[in-house]
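# Working through the structure, step by step
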2 protein chains.
Amino acid sequence: MYKGGYTGKVLRINLTDQTAKEETLPLEIAKDFIGGAGFGIKYLFDEVTPKTDPLGPENKLIFASGPFSGTTIPCASRMAVTAKSPLTNAVGVSLTGGYFPVELKFAGYDALIIEGKAEKPTYLWIKDGKALFRSAQKLWGMKTTDCQQIIKNELGDQNVRIACIGPAGENLSKIACIINEMRAAGRKGLGAVMGSKNLKAIAVRGSGKVSISDEGKLKSARSAFAEAMKGSPVLYPQFSKLGTSMVVDHTCAIGIFPTRNFTSTGEYAPADKLGVEVQTTRNVGSEHCYMCPVGCSQLKMARTGVYAGILAEGPEYETMFSFGGVTGVDNIDAVIAADRLADELGLDTMSAGVTIAFAMELYEKGILSKKETGDIDLRFGNDEAMLTLLRQMAFREGFGALLADGSKAAAAKIGKGSEKYAMHVKGLELPAYDVRGAKAHGLNYATAYPGADHNKGYAFQEIFGIPVPYEVDRLSADGKGKLTKWNQDVRCVTCDCATMCAFLLDMAVPAIALKNTADLMDAVTGLQYTPEEVQTVGERINNLAKAFNVGSGFTRKDDTLPERLLTEPLKGGASKGHFVGKDELKKMLDEYYAEREWDIQTGTPTRKKLTELGLGYVADALKL
Amino acid sequence: MYKGGYTGKVLRINLTDQTAKEETLPLEIAKDFIGGAGFGIKYLFDEVTPKTDPLGPENKLIFASGPFSGTTIPCASRMAVTAKSPLTNAVGVSLTGGYFPVELKFAGYDALIIEGKAEKPTYLWIKDGKALFRSAQKLWGMKTTDCQQIIKNELGDQNVRIACIGPAGENLSKIACIINEMRAAGRKGLGAVMGSKNLKAIAVRGSGKVSISDEGKLKSARSAFAEAMKGSPVLYPQFSKLGTSMVVDHTCAIGIFPTRNFTSTGEYAPADKLGVEVQTTRNVGSEHCYMCPVGCSQLKMARTGVYAGILAEGPEYETMFSFGGVTGVDNIDAVIAADRLADELGLDTMSAGVTIAFAMELYEKGILSKKETGDIDLRFGNDEAMLTLLRQMAFREGFGALLADGSKAAAAKIGKGSEKYAMHVKGLELPAYDVRGAKAHGLNYATAYPGADHNKGYAFQEIFGIPVPYEVDRLSADGKGKLTKWNQDVRCVTCDCATMCAFLLDMAVPAIALKNTADLMDAVTGLQYTPEEVQTVGERINNLAKAFNVGSGFTRKDDTLPERLLTEPLKGGASKGHFVGKDELKKMLDEYYAEREWDIQTGTPTRKKLTELGLGYVADALKL
C-alpha cells in the first residue's frame, strides 16, 4: 500500500445526482502515471469516449495534484485539470499553481473527478473528506475575484481556497479558463466544461498532512534539488525578481517575439515598450505558490490614463505577447488592464489575445469592416477595442460573440479565406514564440496532444541555449524529432505529473530532472524508478493522450502549423528570412514519429509501442 | 478603574517620528464621552487647534470604537473616525462598521490617534499591542479591494482587518473616504487626511477579549434590546432582506427623494427604476457586521450592458440617490457600477454624486459646455459621463479635477453664479432627503456640526412617522428646534459614541435607546448613568464639537440651507408646493438655539451651558 505522498483517495462528484463518492486510487495507477495530468488522462481515457460532447454532461473534469504536493519539496505543489477540450476536441490538460492544489490534498484527495451536470448553478464545498453541494445561483454572473471573496465570507473562513469560473465559463466560451486566486488553469476551454456542468466554483479546506516514506532520503533529494536551483544562472535573482515577463527582452533579441498576428517580427521593438525596463516601473510585489522560494509571480499595477490603479498578477510573458505584441498594443498599462479583465471574466489570456489579433488582421486587410465589428475600429494596437472585445467575448455580445470560441471557430463563421490568418494548431491558439526561429518548438506545437501548447514540450534548448540533453541550432530542423520526443516526455512526467514547476525545468534543473524525480519519488512515496523509467511514464502518458485523440479522429494531417509559418519568412529581426518549410516540417515529423515508434504514415501509436508501455488495452480499444 | 468594556488604552501613532506610544484612557473621559465620536471630538478639541490646516501634519486622525464593541451586544461594534475635515474645516466624524472596529479593540485599543506625516507611503500593522510601520510604496495608487488583499497576502494572514484609502485619498480629494472591507467611513474627506499623512492603510489583528462588568446584567439588558429589535415593524424581515435601499420607494412615495440636483422631484418616478422591485433582481446576498443578526448590507450585481457582472456592497439608499436620482441616472446597473468604482477609488459616493449632479445642472443650464468638460456630454442621466468623472476626480485629471474637492470648491472655481446650484451645507453635500418635505431633517442639516449630515440628527419622526419622543407633522416647522436637539443628542450618544447601529434607532428601538444605553453601560462597564445622563453625554459632545467649529470661525450665518430649498417649492410629488421658507428656517433656528441654551444671535454655546456640561475649559479656550 501507499507509504507516502499520495492520500490514495479520489473523490468522485456526480453533479446530476448530487452525490460524492470516495474511491481508492489503485496503486498501479500511481506507479504508472505518477499524478497530475497522468491521472487526468488515465481517467479520461477510461471513462470518456472520444465521441463525447465536451460540453455535455458525459464529459468529465478531473483535478489532480501530484505526489509531492503538500510536502516540503519546493515548487512542486501544482495541479493538472483535465477534460476533453471543447476548443480542440482533443485531450485538454491545464496546469495551475497557488494554494488550491495543496489544499485539495490536505482535504484528503489526490484527485477530484467531476461528472454530470447540476440542475442549477452550484458550488462544491469540500472540507476534510466531506463534500457539500451549495447553491451558486447568486454567484452566477460574478467575476472571479469577487466570487472567491463572497464564498469565503459565506463559509465564514478566509482561508478557504477556491477555483472558479467567470462569466466566460458560464457562457460556455470555448476559451474560458478556471481561476484560483489570480491564477489560471488557462487553456483549452476547461472553464466552459465547468460552466457546462453548472459548476461555478470549488471551495476547499483541509487540515490533513502528507506522509513521507523516508524523511532521510527526502532531505538529501530535496537538497540536491535546491542545489540545482541555486546553480541556475537565471533563477536568482533575475527570475525571482522579474518573473516570466523578463523573457520579452530575450525573445525580441533573438527575433521570435510574435507581433501583429505573426506578421511583423522585427518591424517594431516591443521590448522598448513592454520589456523589463518598463515592466520594472509597474512592479508592485510578487506572490509565491505553496513552498516556492522563487515567487516569480509578479504583481504589476497600471500607472497611466484610464488604466491607472488597475492591478494584475502578471502579465506573464505569454500575456505580454497575447495582449501586447500579437495585437500590436504597446501600452503596458493596457496589457495589465486586459490581463486583469480576462482573469475577472475567466478568459484564457492567450487564446483571447491571439483571437483578437486574428480579427485585427482581418480588419486591416478589409475582410472585416466596422459593419461587422459593430463600429469598433479594430486596427492593430487599439487597446480600447481589445478591452471592449474581451468583455463582449465573455458575455457573447456584439462582435465579441463571434470571437468567443477562439480563432478557428471564428474563421469558420467568417469564411472569406480567413482561416489562413487564424494562428492555431488543432484549434488551440499559438503561444508567444515565433517558431520560424525555433523549430523544435514548432514541431512540439504541431505534435503536442492538446494542440499548440508550449508547455507540453518547451524547447528551452532553442529558446535559452541550454545544452541539455545536447546542444542544438534553433534555426535548423536537424535532430528535432528526437529532441521533441525527449522534451515532451520529460516535461510531461516532471511538470505535468510530478507537478514540479515548469520554470525550473526551463531555467534551472533540466539536467537532473529525471534523476531528481526518481529520487524524490523514492523518498516521498517509496515507489522506485530509474531515471529511464521516469521518462517512460512521460512517454506512456503522451501515448495514451495521443490514442485518445486518434479515437477522436485526429491524424497526421492535423500535426501541422498555420500556413503562414510554413510559407512566409520572418520579415525582420534576428531570425529574419527564416520559416518552417513544408519539407522541413515533413522531415521533422517523420523523425518524430520514428523516434516515437509510431506509424509514420498516420502519425498514430502502434499496438507494439502501446503494449510495450503497458497500454495493451488502449490498442484494443482503438482496434489497432 | 475599568471594570469592563474598555481596554483603557489608546495607541498614539506619530508618523513623522515613526513612534507608537501606548497611553491610558482616563476614566473620566470614558465616563463623560462614552466612546467613538465622543473620544474623537474630545481628543480633537484638546490637541488640534481651530486654525490647523486639515491636510497638514498637525491635523490628527482618530479611530475610536465604543465600549460595546467586541461584546455580544448586537449591532454595537462600530467605530468613529474623527479629524478636522478638509471639506468643511469643521469637525469631521464618520462612522463605519464591519469587522475592523472590533479587531482594533481585540488588538488592545479603545482608540488610535494618528499624528504627523510619514516621509514616504506607509501602512501600519497593529497586532496585539504591537505596531509596525511598513512601506506602502508599492501599494500607492492601488484600489481599495486589491490593497486589502495584497496586505493580507504580505502579512500572511487572511484574517487581518484593514482600513485603507484609494487613489482619491492619496490625491487629497476633499471628498475621499476611508474603506474597510467594502464599507466606508465615507464623508467629510477623512480619506484625504489619511492621504496627507502618507498613510495608505491600517492593518489590525487582535486576539484579546472584551471583559464584562456584570454578565448577569448584560444578559437581561441584551434581551431587552433584542426584544425591542423584534418589536420593530420593519427590521425583520424587510430591512434584513432589503437593506437601506428599500427606502427609495418610501421617500419617492412621500415626495422627498431628490432628483436631478434637487430640481425635479415628482417629475419622474425613480422608484420604478431604482426601487425595491428592481433592486431585488440585482440582490445576490448580504453581509453582516460583527454580532449583527440583521445583515442589512445587500450585495448587488449589475446585470446588463457594460456593467454586467460588477458587484457592489450596496448601493445603499444614499448611493441610490447620489449615483441615481440626483444625477438623473435611472439605470440601476450603472448605479451599482458607480458605487463599486467609488469604493475602489476611495471616493465618498454621496459627495461625489451630488458634486457631479451640480456639474450636470450647470451643463444643462449652459454655464458649462463641452469646452470645459473636455467633450463630456454632461446631461442629467448620462451614466457613462458619471463613471468617467469619478475616475477623473480620484486622479485629479481632466474636468474631474475641478470636481475633486466637492461642490463648494468647484463652484468657487467656476464662478458665474454657480454657487447657488451647489447643494451643500458648510461644504458637505446634501444627503438623500429633500428637506422641503421634512423640516426637522432640514434643520438638522443646517445645524449639525459637520454640515449636512443626516446621520447627526436623523428625523425618523418625519421620514418614517415614528412618534418618538412625540408625533410631528413633517411639513410644519413647529416644534422642530426641540425635536432636532433631541434627535442630535440622542443620536450622538447612542450611535456615534456607544456605536450602536443608526438603523436600529431609525427603525426599531428609539423608544428605549437612552434607557437601553444606560443599562448596557452599567452591565458592560459598570459606569452608571440615568437615561437623562446618557442624553447629556450627547449634548456635551454636540456642544464640544460646536465649540471647535466656533473657534474655526463658524457662526449662525453658516447654519443654513442651499438657497434652492429656501426659495423653490417642490415641483411635483406628494410634497409638491412645499419648501423651507427663510422665515421658517429663522423660526426653527431660534427655537433650536433656545432649546440648546445657546446665544440666539450668534448660534454659539454659552459659558453657562458649557460649564453646566463640565466643559468650562472649553469656554476658557474660546474666551467666552
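Residues numbered from 1 in each chain as written. Chains lettered and ligands numbered in written order. Predicted model: local features only at pLDDT ≥ 70, side-chain atom pairs only at ≥ 80, totals over all residues. Heavy atoms only, no water.

Looking now at the sheet that holds strand β5 (residues 91–96) of chain A. All names here are of chain A. With mixed pairing, six strands are arranged side by side in an open sheet as β2-β1-β6-β3-β4-β5. The open sheet has two edge strands, β2 (19–24) and β5, and neither has a second partner. Shown here is a sheet whose adjacent strand axes are inclined to one another by a mean of 15 degrees, direction ignored. Bridge count between strand β4 (residues 79–84) and β5: six bridges; the pairing is antiparallel. (Pairing = 2+ DSSP bridges. Helix = DSSP H or I, 4+ residues; strand = E, 2+ residues; numbered from the N terminus. Axes fitted to C-alpha atoms, helices over the stretch in contact; angles between N-to-C directions.)

Turning to the packing of helix α14 (residues 349–364) of chain B against helix α18 (residues 406–414) of chain B, a few remarks are in order. Relative placement of two packed helices is described by the angle separating their axes and the distance separating the axes. All names here are of chain B. The contact between α14 and α18 brings their axes to 8 Å, and the two run at 35 degrees. For the pair α14 and α18, the crossing hand works out as right-handed. Facing α14, whose interface residues are Thr355, Phe358 and Leu362, α18 presents Gly406, Ser407, Ala410, Ala411 and Ile414. Tallied by class, residues from the contact of α14 with α18 come to five nonpolar, three polar and no charged. (Left-handed = near helix turned anticlockwise from the far one by under 90°. Contact = heavy atoms within 4.5 Å. Nonpolar A, V, L, I, M, F, W, Y, C, P; charged D, E, K, R; others polar.)

What follows covers the side chain of Thr144(A). Residue and element names in this part refer to chain A. Mapped onto the fold, Thr144 is located in helix α4 (residues 144–155). With relative accessibility at 1%, the residue Thr144 sits in the buried group. Beyond its immediate stretch of four places on either side in the chain, Thr144 contacts Cys164, Ile165, Gly166, Ile179, Asp343, Glu344 and Gly346. (Buried < 20%, exposed > 50% of the residue type's maximum accessible area, 1.4 Å probe, protein only.)

Our next topic: the relation of the copies chain A and chain B. Overlaying chain A with chain B gives an RMSD of 0.0 Å, the required rotation being 180 degrees about an axis along which the chain moves by 0.0 Å. Here the transformation between the copies is reduced to the relation of a two-fold axis. When each C-alpha of chain A is compared by its distance to the rotation axis, Gln158(A) comes out closest, at 2.8 Å. The fraction of interface residues of chain A whose copies in chain B are also interface residues reaches 100%, indicating that both copies meet through the same surface. (Least-squares fit on C-alpha atoms with pLDDT ≥ 70 in both.)

The next point concerns the interface of chain A and chain B. Often the size quoted for an interface is simply the accessible area lost on bringing the parts together. Between chain A and chain B, the residue contacts involve 27 residues of the former and 28 residues of the latter. Interface area, chain A with chain B, both sides summed: about 2,300 Å², of which 51% is carbon and sulfur. When the buried surface of chain A facing chain B is broken down by residue, Lys138(A), Asp146(A) and Gln158(A) rank first, second and third, together holding 19% of it. At the junction of chain A with chain B, the criterion picks out eight residue pairs in polar contact (both at pLDDT 80 or more). The set of elements that each furnish at least two residues to the side of chain A that touches chain B consists of α4, β13 (283–287), β14 (297–301) and α16 (383–395) of chain A. Looking at which element gives the most residues to the side of chain A that touches chain B, the answer is α4(A), with five residues. (Buried area = accessible area lost by both parts, 1.4 Å probe. Polar contact = N/O pair within 3.5 Å; in protein donor to acceptor, adjacent residues only side chain to side chain.)

This paragraph deals with the packing of aromatic side chains. Applying the stated rule across the entire model yields 29 aromatic pairs over all chains. The interplanar angle of 75 degrees and the centroid separation of 6.0 Å between the aromatic rings of Phe262(A) and Phe321(A) together place this pair among those described as edge-to-face. Highlighted residues: Phe262(A) in the loop between α9 (247–253) and α10 (270–274) and Phe321(A) in helix α12 (residues 317–322), separated in sequence by 59 residues. For Phe262(A), a relative accessible area of 1% puts it in the buried group. Taken together, a centroid distance of 6.3 Å and an interplanar angle of 50 degrees make the contact between Phe63(B) and Phe100(B) tilted. Here Phe100(B) lies in helix α3 (residues 100–106) and Phe63(B) lies in strand β3 (residues 61–65), a separation of 37 residues in the sequence. An aromatic cluster is defined as three or more aromatic residues linked by ring pairs; in this entry it consists of Phe257(A), Tyr317(A), Tyr433(A), Tyr458(A) and Phe464(A). When the ring centre of Tyr529(B) is taken as origin, the NZ or CZ atom of Lys31(B), which lies over that ring, is 4.0 Å away. (Phe/Tyr/Trp six-rings, centres within 6.5 Å; stacked < 30°, edge-to-face > 60°. Lys NZ or Arg CZ within 6 Å of the ring centre and 35° of its normal.)

What follows is about the nonpolar core. Core analysis: the biggest nonpolar cluster contains 167 residues, and Tyr6(A), Leu25(A), Ile34(A), Ile41(A), Phe68(A), Leu378(A) and Leu390(A) have the highest contact counts within it. Setting aside residues up to four positions removed in sequence, Leu390(A) forms contacts with Phe323(A), Ala338(A), Leu341(A), Leu345(A), Leu347(A), Ala352(A) and Ile356(A). If you look at the next biggest cluster of nonpolar residues, it comprises 166 residues, including Tyr6(B), Phe257(B), Leu430(B) and Val537(B). (Core = buried A, V, L, I, M, F, W, Y, C linked by side-chain atoms within 4.5 Å.)

In this section: the domain arrangement of chain A. All names here are of chain A. What the domain assignment lists for chain A is domain 1 (9–205), domain 2 (243–423) and domain 3 (435–561 + 581–621). Contact residues are listed per partner, giving ten residues for domain 2 and eight residues for domain 3. Our count for the contact surface shared by domain 2 and domain 3 stands at zero salt bridges. In terms of residues, the side of domain 2 that touches domain 3 owes the most to one element, α9, which gives three residues. (Domains from an automatic or database assignment. Salt bridge = Lys/Arg side-chain N within 4 Å of Asp/Glu carboxyl O.)

Attention now goes to the environment of Phe100(A). All names here are of chain A. Of the residues examined, Phe100 reaches a relative accessible area of 0% and is grouped as buried. Between the C-alpha atoms of Phe100 and Ala203, which are 103 residues apart in sequence, the distance is 8.6 Å. Excluding residues within four positions of it along the chain, Phe100 makes contact with Phe63, Met79, Arg161, Ile162, Ala163, Asn180, Glu181, Ile202 and Val204.

Now for the layout of surface pockets. Of the pockets and cavities examined, the largest pocket occupies roughly 1,600 Å³. Listed by contribution, the elements that provide at least two residues to the lining of the largest pocket are α4, α13 (332–345) and α16 of chain A together with α4 (144–155), α13 (332–345) and α16 (383–395) of chain B. The leading source of residues in the lining of the largest pocket is α16(A), at six residues. Broken down by class, the residue content of the lining of the largest pocket amounts to 18 nonpolar, seven polar and 13 charged. (1 Å grid on protein atoms, 1.4 Å probe; cavity = no way out; pocket = protein on both sides within 12 Å on 5 of 7 lines; lining within 4 Å. Points joined across faces, edges and corners; volume = space filled by probe spheres on them.)

A word on the packing of helix α21 (residues 480–497) of chain B against helix α23 (residues 513–525) of chain B. Residue and element names in this part refer to chain B. Between α21 and α23, the least distance of the axes is 10 Å, while the angle of their chain directions is 35 degrees. Note on packing geometry: the crossing formed by α21 with α23 is left-handed. Side by side, α21 and α23 meet where Val490, Val493 and Thr494 of the first sit next to Ala513, Leu514 and Thr517 of the second. Taken together, the residues of the contact of α21 with α23 sort by class into four nonpolar, two polar and no charged.

Let's shift gears to the pattern of salt bridges. Per the stated rule, a full pass over the model turns up 102 salt bridges over all chains. Ionic pairing is found between Asp333(B) and Arg282(B), a salt bridge with its closest N-O pair at 2.6 Å. You can see Asp333(B) sitting in helix α13 and its partner Arg282(B) sitting in the loop between α11 (276–280) and β13 (283–287), a full 51 residues away along the chain. No difference in accessibility class separates Asp333(B) from Arg282(B), as the two residues are buried. For the salt bridge of Asp489(B) with Arg596(B), the shortest nitrogen-to-oxygen distance reads 2.9 Å. On the criterion of sequence distance, the pair formed by Asp489(B) in helix α21 and Arg596(B) in helix α26 (residues 582–596) is long-range, its members being 107 residues apart. Accessibility expressed as a relative area gives 0% for Asp489(B), which makes it buried. Through salt bridges with shared partners, one network takes in Lys485(A), Asp489(A), Glu539(A), Arg596(A), Glu597(A), Lys608(A), Lys609(A) and Glu612(A).

Residues and elements named next belong to chain B. By the definition in use, this model includes zero disulfides over all chains. Here Cys289 stays free of any disulfide, with the sulfur of Cys292 as its closest cysteine sulfur at 6.0 Å. Here Cys501 stays unpaired: no disulfide links it, and the sulfur of Cys296, its closest cysteine neighbor, is 5.8 Å away. (Disulfide = S-S within 2.5 Å.)

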